[in-house]
2 protein chains.
Amino acid sequence: MALLSVLTPFLAVILCLVVGFMLLKSRETTSTPPDKSKGAPKGDSRPWVDQDLQDDTENTAREGDDDEWVDGNDEEESLAHVPYSPPRYPEDKMLERSKDFYTVMNQRRSVRFISSEPVPREVLDNVIRTAGTAPSGAHTEPWTFVVVSDPETKHQIRLIVEEEEEMNYRQRMGDKWVHDLAKLRTNWVKEYLDVAPYLILIFKQTYGILPNGKKRTHYYNEISVSISCGLLLAALQNVGLVTVTSTPLNCGPQLRLLLKRPANEKLLMLLPVGYPASDATVPDLKRKHLDDIMVHI
Amino acid sequence: MALLSVLTPFLAVILCLVVGFMLLKSRETTSTPPDKSKGAPKGDSRPWVDQDLQDDTENTAREGDDDEWVDGNDEEESLAHVPYSPPRYPEDKMLERSKDFYTVMNQRRSVRFISSEPVPREVLDNVIRTAGTAPSGAHTEPWTFVVVSDPETKHQIRLIVEEEEEMNYRQRMGDKWVHDLAKLRTNWVKEYLDVAPYLILIFKQTYGILPNGKKRTHYYNEISVSISCGLLLAALQNVGLVTVTSTPLNCGPQLRLLLKRPANEKLLMLLPVGYPASDATVPDLKRKHLDDIMVHI
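Everything quoted here is computed from the prediction, not taken from an experiment. (Residues numbered from 1 in each chain as written. Chains lettered and ligands numbered in written order. Predicted model: local features only at pLDDT ≥ 70, side-chain atom pairs only at ≥ 80, totals over all residues. Heavy atoms only, no water.)

Some words on the overall build of chain A
Looking only at helices and strands, chain A has 10 helices and 8 strands in total. Across the 297 residues in chain A, those meeting the buried criterion constitute 56%. Counting contacts in chain A only where the partners sit at least 6 residues apart, residues at least 24 apart contribute 81% of the total. Accessible area of chain A: about 13400 Å², with a carbon and sulfur share of 58%. (Helix = DSSP H or I, 4+ residues; strand = E, 2+ residues; numbered from the N terminus. Buried < 20%, exposed > 50% of the residue type's maximum accessible area, 1.4 Å probe, protein only. Contact = heavy atoms within 4.5 Å. Areas by Shrake-Rupley, 256 points an atom, 1.4 Å probe, with all protein chains shown as cover.)

Some points on the sheet that holds strand β6 (residues 265–273) of chain B
In spatial order, the strands read β8(A)-β2(B)-β3(B)-β6(B); together these 4 strands make up an open sheet with mixed pairing. Strands at the two margins of the open sheet, each flanked by one partner only, are β8 (294–296) of chain A together with β6 of chain B. Adjacent strand axes in the sheet meet at a mean angle of 20°, parallel and antiparallel pairs treated alike. Where strand β2 (residues 143–148) of chain B lies against strand β3 (residues 198–205) of chain B, 6 bridges are found, and the strand directions are antiparallel. When the sheet's bridge partners are listed, Phe145 of chain B is paired in β3 of chain B with Ile202 of chain B. Where helix α4 (residues 121–131) of chain B meets the sheet, its contacts fall on β8 of chain A together with β2, β3 and β6 of chain B, and the angle it forms with β2 of chain B comes to roughly 165°. Across the sheet, helix α8 (residues 221–238) of chain B is in contact with β2, β3 and β6 of chain B; its angle to β3 of chain B comes to roughly 155°. (Pairing = 2+ DSSP bridges. Axes fitted to C-alpha atoms, helices over the stretch in contact; angles between N-to-C directions.)

Focus on the nonpolar core
Burial of nonpolar side chains together is a common tendency in soluble globular proteins. Counting 82 residues, the largest nonpolar core has Ile200, Leu232 and Leu241 of chain A together with Ile200, Leu232 and Leu241 of chain B as its most contacted members. Ignoring anything within four residues of it in the chain, the contact list for Leu232 of chain A reads Val127, Ile128, Ala131, Phe145, Ile200, Ile202 and Leu271 of chain A. (Core = buried A, V, L, I, M, F, W, Y, C linked by side-chain atoms within 4.5 Å.)

Describing the sheet that holds strand β6 (residues 265–273) of chain A
Whether parallel or antiparallel, the strands of a sheet pair through hydrogen bonds between backbone atoms. One open sheet holds the 4 strands; their spatial order is β6(A)-β3(A)-β2(A)-β8(B), and the pairing between them is mixed. One side of each edge strand has no neighbouring strand; the edge strands of this open sheet are β6 of chain A together with β8 (294–296) of chain B. Mean inter-strand twist for the sheet, computed between neighbouring axes without regard to direction, equals 20°. The sheet strands contacting helix α4 (residues 121–131) of chain A are β2 (143–148), β3 (198–205) and β6 of chain A together with β8 of chain B, and the helix crosses β2 of chain A at an angle near 165°.

With respect to the pattern of salt bridges
When their charged atoms lie close together, side chains carrying opposite charge are able to pair. Residue and element names in this part refer to chain A. According to the stated counting rule, one finds 14 salt bridges over all chains in the structure shown. Arg158 is the partner of Glu162 in a salt bridge, and the nearest nitrogen-oxygen pair spans 2.7 Å. Pair noted here: Glu162 and Arg158 are both in helix α5 (residues 151–173), with a separation of 4 residues, about one helical turn. Look at Arg158 and you get buried, because its relative accessible area is 15%. Among the charged side chains, a salt-bridge network with shared partners connects Arg158, Glu162 and Asp194. (Salt bridge = Lys/Arg side-chain N within 4 Å of Asp/Glu carboxyl O.)

Some thoughts on the pairing of β3 of chain B
Burial within β3 of chain B is extensive, with 8 of its 8 residues counted as buried. What you see with β3 of chain B is no split at all: Tyr198, Ile200, Ile202 and Lys204 of chain B on one side and Leu199, Leu201, Phe203 and Gln205 of chain B on the other are buried throughout.

Shown next as structure tokens:
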């Protein structure tokens, strides 16, 4: 008993260390800038107004980056500035172009039923080129598009995604009564991963390597790559190809290893791409009206 | 001494509780699903392969959402499915469309020099409509576009952004020798916030309110809204308007209050929109080549 009371503080301290370590690990996963001493959080200098400041966007406080994503901001001082005069359209032409583009984009739907018909490779190249025109924090262009057409690799991807997805569903069902397992099963069987002529796996580069070998955090890499995905979806829709936006849960590491991507890259999205199957269907749903998404002041 | 050795375990336990509480708070700020018991992390059932699993994407493990963003996934069972047959183009037409779209998008640059010329409101409406066609996790459409043309509100926004930006710059300079403050100053003076005919402030809705009054977490809301921004940028470029992508640091809460947005909305981006100024310049930089952003397998 005396021995136990002597040991208790030690056990308590060990518990503290374990909890502290977990805390440390959980912090690492949020994208804290590596050098805190320089990128002092603004919270030091003024009280936080409300909890908003704790959201993701604010937490990725950056060091050395402007808030404007002026392309190439970091090197801007050493770069010459050149005149910029993009095409200018008369008002009626602008209105027509804005309507036409909306009409094309509004026909976009997430489609699971993809035809195996081949898609011209050059079209895919242009789609990826278009995605690469997105703005990015400090012009880091933190994206890698892995385009898979090799049947064996596609099948490996399918096995990884389906295995994780099935486990996910089974766990989620938990103590619920499984009254229609067959129906449920359609949720984790992803035939399109074999069938679609192309799978595009989009990786975000969470950091880069500087010439001196040090890591350079890519702030806003997830937002940048997501914007780039928006352009990619627009480019696919523009040529009549379909996809379904997916973010495979927990498959990132396995897929990264399968595709031999480096450690600074994390899977953000997986898009199967092709023509829609001739019997493709989509749920008959509506989008919000303009008044429900826009406020004019 | 005896008293101390009796008290030590208690002190240790209190320390543990404090550390544990901090851990809990730090978890709250990352978007952990509210009900952990149901949304059991996959890590419980299999060893983590590597640190990848701890990235943002994986941490937003969801309960009740599929990994596919099939529009309206949640209500899919109750929704009728309808045939889907978007326009199909012959291969030469696809190739032409893919090139043309790339050419237009590749002309996009982030532009700080925006003309005060008025822009037709209807064009702006169509641009926002286009942004609203983006896919979103479980078809939550978690975006609000606040379009500001009122001069007084624009000026209030400018004051908030510039004040924060100036503090940010001054802090960042810290012990560095300020050899050209005038030059630096251009970094926090944002005249375009007064000048641009429109400011678009894009808010992400981090959660929704269910009919029973409970909160419903909008998983992947940041990715969804960023994709929507990609479509918005494409739509602007398509009609010959310019913007500069910015994520104002620490201004979110003040701007949210100014614009009277509810607590579930967080500012993601601020885009000044207009025609480019006649003397607009941009840094003379290049984009990565296709081979540097695409891997084909």
